[in-house]
Amino acid sequence: QAKNADRNCYRFFSEEMNRQAADQILLANALKEAIRTDQLYLVYQPQVHAATGRLEGVEALARWTDPALGMISPGRFIPLAEETGQIEAIGLWSLRAACRQMALWMQAGVDVPVVSVNISALHFRNPDLPRLIGEILHESGIPPRRLTIELTESAMIENYEQTFIATQAIRAMGIGLSMDDFGTGFSSLSNLANLPLNELKIDRSFMDGFEPTGKVHSVVTAIIRIGRSLGMTVVAEGVETQAQLDLLRQINCDVIQGYFFSRPLDVQDLEAWLNMRPDTECSRPSSQHDAA
Ligand code: C2E
Ligand code: MG
Ligand code: MG
Ligand code: MG
């Protein structure tokens, strides 16, 4: 009897596993088609200077709505693309789309200073990456300081030598480099110091339990000090409340990104958001820039 139960159990799990594998293959094929037919699109989340409220830049985030399957989150399709070898295509597509959008903003006089693009750690293994980034930048005609590349800690953990070479080449072109999701990957601090990064993004998970005193507050304070003392701009991501914003200001966090200011927006909504802000007309000299 017990043996039978085991066997049924085994069959149940293997059927479940087959179904999941089939789902993954279905989804992987749909993603391939979405890339090919340009069905992905970007949304842009504002990054705001903590002290002045000025717009510092936007992060480009990929979105995918499949006609049959509906909206699929990047938390699902980015790891899938990493498994199925499609992540480089997504990276290059994101870069092209973001640079093109920046060129349009510049032509239209829309004041978005920088666009940040996420590049997977896996993509950093390809020695052609810096050259391809350079080509895409050149095609768009935007100045390199208008583009920032976000990489995650896993790039420096799994693949430090190659990542080091790539980051040097990217920075040498004048493009910004940001360490994304910092504080979750246990990367070495000496590697962090040696990479030519100009920005550090504190992972969103630190915003849980971020209170005036306590351990999370101590860690966030320390990360901000490390980043700033290495000459980096420190960005907090996932900021949702006024209380979090106030605390981050007190401990000299430079830039804030999160739902408190805005969710990621499509181009039209971003432009509406920009027009709604009193700040956008204040980019003349002696404007809000020096205000407390
Ligand atoms: P990420 O680069 O760390 O991006 C920040 C994520 O946090 C975004 O999720 C954003 O929507 C979300 N977020 C921002 N503010 C808040 C907040 O206040 N509260 C909460 N709860 N969440 C907030 P999203 O858009 O779902 O993207 C998830 C991840 O997928 C990104 O994390 C990034 O690692 C990856 N990803 C997105 N687009 C691309 C892409 O084009 N290429 C690559 N390689 N990865 C991408
Ligand atoms: Mg990012
Ligand atoms: Mg992040
Ligand atoms: Mg994150």
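As shown above, the structure is provided for reference.
The sections below set out a description of the structure shown in this document. Sequence positions are assigned chain by chain, starting from 1 and proceeding in written order. Each chain takes a letter, starting from A, and each ligand takes a number, starting from 1, following the order in which they are written. In keeping with the model being predicted, local features are shown solely for residues with a pLDDT of at least 70 and side-chain atom pairs are shown and tallied solely at 80 or more, while totals for entire chains, interfaces and linings include all residues. The basis for the side-chain values is all heavy atoms of the structure; hydrogens and waters are excluded.

## A closer look at the nonpolar core
Turning to step 1, where the next piece is worked out: Grouping buried Ala, Val, Leu, Ile, Met, Phe, Trp, Tyr and Cys residues that are joined through side-chain atoms within 4.5 Å yields what is termed a nonpolar core. For every residue, the accessible area (1.4 Å probe, protein chains only) is compared with the maximum for its type, and the residue is labelled buried under 20%, exposed over 50%, or partly exposed between those bounds. By size, the foremost hydrophobic cluster in this structure holds 79 residues, and its most contacted members are Leu31, Trp64, Leu95, Leu147, Ile149, Met179 and Leu248.
Turning to step 2, where the next piece is worked out: Here the element with the most residues in this core is helix α3 (residues 87-108); it accounts for 10 residues.
Turning to step 3, where the next piece is worked out: For this analysis, residues touch if any pair of their heavy atoms sits within 4.5 Å. Ignoring sequence-local partners within four residues, the contact set of Leu31 consists of Leu40, Trp64, Phe77, Leu80, Ala81, Gln86 and Ile90. Secondary structure elements are defined from DSSP: runs of H or I of at least 4 residues count as helices, runs of E of at least 2 residues count as strands, and each element is numbered from the N terminus.

## Regarding the pattern of salt bridges
Turning to step 1, where the next piece is worked out: Definition used for salt bridges: Asp or Glu carboxyl oxygen within 4 Å of a side-chain nitrogen of Lys or Arg. Counting across every chain of the model gives 10 salt bridges.
Turning to step 2, where the next piece is worked out: Salt-bridge contacts for Glu33 lead to Arg36; the nearest nitrogen and oxygen are separated by 2.8 Å. Here the residue Glu33 and the residue Arg36 both occupy positions in helix α1 (residues 2-36), the gap between them amounting to three residues, near one helical turn.
Turning to step 3, where the next piece is worked out: Across the pair Asp128 and Arg131 runs a salt bridge, and its minimum N-O distance is 3.7 Å.
Turning to step 4, where the next piece is worked out: Owing to a relative accessible area of 35%, Asp128 belongs among the partly exposed residues under this scheme.
Turning to step 5, where the next piece is worked out: Three or more residues are tied together by salt bridges with common partners; here these are Glu59, Glu150, Lys201 and Glu237.

## Describing the site of ligand 1
Turning to step 1, where the next piece is worked out: Residues are labelled near a given molecule or strand when at least one of their non-hydrogen atoms is within 4 Å of it. Near ligand 1, the surroundings consist of 21 residues, among which Arg63, Ser94, Asp180, Glu240 and Tyr259 are the closest.
Turning to step 2, where the next piece is worked out: Under this definition, polar contacts are N or O atom pairs within 3.5 Å; protein pairs additionally need one hydrogen-donor-capable and one acceptor-capable atom, and for neighbouring residues in sequence, both atoms have to be side-chain atoms. With respect to ligand 1, the side chain of Gln45 contributes an N or O atom lying 3.0 Å from a nitrogen atom.
Turning to step 3, where the next piece is worked out: Here Arg204 contributes a side-chain N or O atom positioned 3.3 Å from an oxygen atom of ligand 1.
Turning to step 4, where the next piece is worked out: Under the convention used here, a 1.4 Å probe and the Shrake-Rupley method define accessible areas, while residue burial counts only the protein chains that appear. Taking 800 Å² as the accessible area of ligand 1 by itself, protein coverage stands at 85%.
Turning to step 5, where the next piece is worked out: Ranked by residues supplied to the shell around ligand 1, first place goes to strand β2 (residues 55-66) with four residues.
Turning to step 6, where the next piece is worked out: Basically, the charged four are Asp, Glu, Lys and Arg, the nonpolar ten are Ala, Val, Leu, Ile, Met, Phe, Trp, Tyr, Cys and Pro, and anything else, Gly included, counts as polar. Broken down by class, the residue content of the shell around ligand 1 amounts to seven nonpolar, six polar and eight charged.

## Some points on the coordination of the magnesium ion (ligand 3)
Turning to step 1, where the next piece is worked out: In this structure, Asp180 (OD), Asp181 (OD), Glu237 (OE) and Glu237 (OE) serve as the protein donors to the magnesium ion (ligand 3), at separations of 2.0 to 2.7 Å.
Turning to step 2, where the next piece is worked out: Spacing between the donor residues of the magnesium ion (ligand 3) along their common chain follows D-D-x55-E.
Turning to step 3, where the next piece is worked out: Only N, O and S atoms count as donors, using a 2.8 Å cut-off from the metal and 3.2 Å for Na, K and Ca, and because water is excluded some sites may appear unfinished. Here the magnesium ion (ligand 3) and the magnesium ion (ligand 2) are spaced 3.6 Å apart, linked through Asp180, which binds each one. Of this pair, Asp181 sits in strand β6 (residues 176-182) while Glu237 sits in the loop between β8 (233-236) and α9 (242-250); the two residues are 56 residues apart in sequence, bridging distant segments of the chain.

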